[in-house]
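Given next are the chains, with one letter for each unit.
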Amino acid sequence: MGRNLARNLARHGYTVAVHNRSPQRVESLIEDHGSEGDFIPTTSLEGFVDSLERPRTAIIMVQAGAATDAVIEGLAELMEPGDIIVDAGNAHFPDTIRREAALRDQGIHFVGTGVSGGEEGALNGPSIMPGGTQESYQTLGPMLEAISAKVDGVPCCTHVGPDGAGHFVKMVHNGIEYADMQLIAEAYDLLRHGLHASPAEIADIFAQWNQGELESYLIEITAEVLRHFDAETGKGFVDIVLDQAEQKGTGRWTVQSALDLGVPVTGIAEATFARALSGSLPQREAARATLPAEAQQWDVTRPEEFIEDVRRALLSSKVVAYSQGFDQIAAASAEYGWNVDLGAMARIWRGGCIIRARFLDRITEAYEANPDLALLLSAPYFTSVVSDGLGSWRKIVAQAALCGVPTPAFSSSLAYYDGIRSEALPANLIQAQRDFFGAHTYRRTDKPGSFHTDWSGDRSESPV
Ligand code: 6PG
């Protein structure tokens with residue numbers, strides 16, 4: 001990705017000094033693409049830093065963790081106050097906060113920047129989510145906006161907020177990506193069970209969906225993947241891929257942060273756990289060997305209606321996942337004082353990134369209409385999506401349960417929907433239980449204050 005980002009910068013007229021621990025990588029970049037622009041190949045970090053114009057800007061793209069720290073340390077020793085180090089990798093945001101604070105003490109700007117779009121996006125225009133100081137954005141912004149994707153002429157790049165804000169937003173982007181992918185996979189699985197259709201036939205359904213509200217990069221590539229045949233066996237490609245989903249960790253980080261912030265990102269969490277379940281091999285084997293498989297047969301009598309039910313359930317669940325992700329960004333923004341513009345985040349995700357989708361416009365519109373929107377799901381467009389889809393959503397989740405088809409993300413999103421709109425939740429019983437065994441106190445519906453009941457004594461209530 002670093003190589004493609006360098007090419008993208010060069011193609012936009014920037015002079016790009018390039019450095020890599022292994023000199024062959026630099027040589028091959030110059031050999032293969034040197035004619036695309038103005039590159040300065042370097043063989044040492046000193047040579048790289050020396051070749052930069054002041055104030056210097058160094059963009060690094062290395063593995064998250066210790067490797068990133070090592071490169072930053074090396075650069076910081078050679079750089080001067082006013083210089084900028086941009087970390088464009090998928091760093092964990094607490095690391096970015098720590099690094100920014102340390103480099104700030106040296107007068108160096110550290111800009112943790114989310115970059116989404118994979119290798120192709122890096123070359124042709126990614127979605128870029130820079131954190132760091134406003135001052136650093138004044139220097140960096142025009143360059144990053146120039147190389148970012150554009151939608152209706154608007155760059156998919158904006159200053160997200162201070163220190164770790166950029167990497168946080170990229171992390172949640174990836175969490176939503178996990179949810180989106182899991183929901184699509186569940187829809188595919190439902191169609192396969194319900195219609196007994198081949199991958200290629202299901203590809204046509206996804207291609208059709210991509211013409212409407214579900215239009216998105218992930219739906220588009222799903223159709224392409226499902227249409228692909230394995231050259232060796234002649235089978236549908238998806239049927240020869242092992243059903244064990246892996247992850248590099250950004251989904252897990254999203255869920256960990258959501259737990260810390262107390263934000264229920266159930267769609268993202270279920271998607272992350274679904275990957276973990278798929279990789280739990282001894283447990284899957286033990287379960288397959290012992291647990292009863294008793295379930296109803298899926299009997300679809302009206303295929304068109306069934307396909308439409310799955311589509312609506314998918315769209316409704318997707319809306320929930322995005323609403324939860326935006327809740328998480330809002331909570332972190334308040335917690336860390338980032339002042340993130342939520343509508344702008346949806347705007348910079350409209351192009352270049354993996355979760356780019358038609359309905360992101362609706363998210364921007366919702367926050368433009370009400371910047372203090374408490375719940376994205378409650379904005380008019382999203383309310384209408386879920387009310388149109390509700391009957392289908394319930395039918396699909398119920399039928400999947402009866403037929404033993406796992407739909408963790410579809411069903412947890414529906415449970416979230418029913419929970420968040422509930423007049424009364426059984427959390428009152430949980431509070432009573434907590435007070436019973438741990439004197440943790442409770443609040444009453446009819447008067448202010450906290451109370452404890454003497455459960456082991458005369459059961460009298462006293463204010464606490
Ligand atoms: C992107 C992607 C990118 C990458 C993820 C995949 O926005 O370009 O999200 O960051 O594909 O690292 O993550 P997993 O390996 O965890 O699925």
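Residues numbered from 1 in each chain as written. Predicted model: local features only at pLDDT ≥ 70, side-chain atom pairs only at ≥ 80, totals over all residues. Heavy atoms only, no water.

Here we take up the overall build of the chain. The secondary structure content of the chain amounts to 20 helices and 11 strands. In summary, the chain has a C-alpha radius of gyration of 25 Å against a globular reference of 23 Å for 464 residues, a match within 12%. A principal-axis box enclosing the C-alpha atoms of the chain has dimensions of 75 × 70 × 45 Å. Sorting the 464 residues of the chain into buried and exposed places 47% on the buried side. By sequence separation, contacts in the chain at least 24 residues apart represent 66% of the contacts at least 6 residues apart. (Helix = DSSP H or I, 4+ residues; strand = E, 2+ residues; numbered from the N terminus. Rg over C-alpha atoms; globule rule 2.2 N^0.38 Å. Buried < 20%, exposed > 50% of the residue type's maximum accessible area, 1.4 Å probe, protein only. Contact = heavy atoms within 4.5 Å.)

Attention now moves to the pairing of strand 5 (residues 109-116). Among the 8 residues that make up strand 5, 8 are buried, leaving the element largely enclosed by the rest of the structure. Going residue by residue along strand 5, you find His109, Val111, Thr113 and Val115 tucked away on one face and Phe110, Gly112, Gly114 and Ser116 tucked away on the opposite face as well. Looking at chain direction, strand 4 (residues 84-87) and strand 5 are connected through 4 bridges and run parallel. Bridging from a neighbouring strand, Ile85 pairs with Phe110 of strand 5. Since strand 4 and strand 5 lie parallel, the crossover through helix 5 (residues 93-105) that links them has a hand, and here it is right-handed. (Pairing = 2+ DSSP bridges. Right-handed = clockwise from strand over helix to strand, strands pointing away.)

In this section: the site of the ligand. Taken together, the neighbourhood of the ligand is formed by 14 residues, with Ser116, Glu177, Tyr178, Lys248 and Arg275 sitting nearest. Here Tyr178 contributes a side-chain N or O atom positioned 2.4 Å from an oxygen atom of the ligand. Residue Arg275 places a side-chain N or O atom 2.8 Å away from an oxygen atom belonging to the ligand. Top contributing element to the shell around the ligand by residue count: helix 8 (residues 165-195), with 5 residues. Partitioned by chemical class, the residues of the shell around the ligand number 2 nonpolar, 8 polar and 4 charged. (Near = heavy atom within 4 Å. Polar contact = N/O pair within 3.5 Å; in protein donor to acceptor, adjacent residues only side chain to side chain. Nonpolar A, V, L, I, M, F, W, Y, C, P; charged D, E, K, R; others polar.)

So, on to the UniProt feature "active site" (unreviewed entry) in the chain. Within this structure's numbering, the places UniProt gives as "active site" (unreviewed entry) are Lys170 and Glu177. Within the secondary structure, Lys170 sits in helix 8. Assessed through its relative accessible area of 5%, Lys170 is described here as buried. Sequence-distant contacts of Lys170, that is, excluding residues within four places in its chain, are made with Asn90, Gly114, Val115, Ser116 and Met129. Residue position: Glu177 is located in helix 8. With sequence-adjacent residues up to four places away left out, Glu177 is seen in contact with Leu218, Ile354 and Ile355. (UniProt positions renumbered as here; feature names shortened; annotations may be inferred.)

Overall, the coordinates contain 15 aromatic pairs when judged by the stated rule. Between Arg275 and the ring centre of Tyr178, over which it is positioned, the NZ or CZ distance is 3.6 Å. Here Arg356 stacks its cationic end above the ring of Tyr217, 4.1 Å away from the centre of that ring. (Phe/Tyr/Trp six-rings, centres within 6.5 Å; stacked < 30°, edge-to-face > 60°. Lys NZ or Arg CZ within 6 Å of the ring centre and 35° of its normal.)

All right, on to helix 2 (residues 23-33) then. For an α-helix the count is 3.6 residues per turn, leaving residues at separations of three or four pointing the same way. Of all the positions in helix 2, only Val26, Leu29 and His33 are classed as buried. Buried residues along helix 2 cover an arc of 70° about the axis, so they all sit on one side. More than 90 degrees from the buried face of helix 2, the exposed residues found are Gln24 and Glu31. (Arc of directions from axis to C-beta.)

This next bit is on the sheet that holds strand 10 (residues 450-453). Sheet strands line up and pair through hydrogen bonds in the backbone, either parallel or antiparallel. Ordered by their spatial adjacency, 3 strands build an open sheet running 9-10-11, and the pairing between neighbours is antiparallel. The outermost strands of the open sheet, each flanked by one partner alone, are strand 9 (442-443) and strand 11 (461-463). Where strand 10 lies against strand 11, 3 bridges are found, and the strand directions are antiparallel. Bridge pairing links Thr453 to Glu461 in strand 11.

Turning to unusual backbone geometry, a few remarks are in order. The peptide bond linking Arg54 to Pro55 adopts the cis configuration, its omega dihedral lying at -15°. Assignment of secondary structure puts Pro55 in the loop between helix 3 (45-50) and strand 3 (57-60). Phi is positive for Asp152, which is not a glycine, with a value near 50°. Examined against the element boundaries, Asp152 turns out to sit in the loop between strand 7 (150-151) and strand 8 (154-155).

It is worth spelling out the nonpolar core at this point. Nonpolar side chains in soluble globular proteins tend to end up buried together. Residues Phe206, Trp209, Phe326, Trp349 and Ile363 are the most contacted members of the largest nonpolar core, which totals 92 residues. Here this core gets 14 residues from one element, more than from any other, and that element is helix 8. Ignoring sequence-local partners within four residues, the contact set of Trp209 consists of Ala187, Leu191, Leu214, Glu215, Ile307, Val310, Arg311 and Leu314. (Core = buried A, V, L, I, M, F, W, Y, C linked by side-chain atoms within 4.5 Å.)

Moving on: the packing of helix 12 (residues 250-261) against helix 13 (residues 266-278). In contact at an axis separation of 9 Å, helix 12 and helix 13 are set at 135° when each is read in the N-to-C sense. Overall, the two elements helix 12 and helix 13 adopt an arrangement that is oblique. Seen along the crossing, helix 12 lies across helix 13 with a hand that is left-handed. Contact residues: Gly251, Arg252, Thr254 and Val255 in helix 12; Ile268, Ala269 and Thr272 in helix 13. Looking at the contact of helix 12 with helix 13 residue by residue, the classes come out as 3 nonpolar, 3 polar and 1 charged. (Axes fitted to C-alpha atoms, helices over the stretch in contact; angles between N-to-C directions. Parallel < 35°, antiparallel > 145°, perpendicular 65-115°, else oblique. Left-handed = near helix turned anticlockwise from the far one by under 90°.)

A word on the pattern of salt bridges. A side chain with one charge can pair with a side chain of the opposite charge if their charged atoms come near. Throughout the structure, instances matching the rule amount to 29 salt bridges. Between Glu80 and Arg54 there is a salt bridge, with its nearest N and O atoms 3.1 Å apart. Remark: Arg54 occurs in the loop between helix 3 and strand 3 and Glu80 occurs in the loop between helix 4 (66-78) and strand 4; sequence separation between them is 26 residues. Exposure remark for Arg54: the relative accessible area of 57% places this residue in the exposed category. With a shortest N-O distance of 3.4 Å, Arg98 and Asp95 are connected by a salt bridge. Taken together, the residues span about one helical turn, with Arg98 and Asp95 both in helix 5 at a distance of 3 residues. Ionic contacts of the salt-bridge type, sharing partners, join the residues Asp69, Asp87, Asp95, Arg98 and Arg99 into one network. (Salt bridge = Lys/Arg side-chain N within 4 Å of Asp/Glu carboxyl O.)

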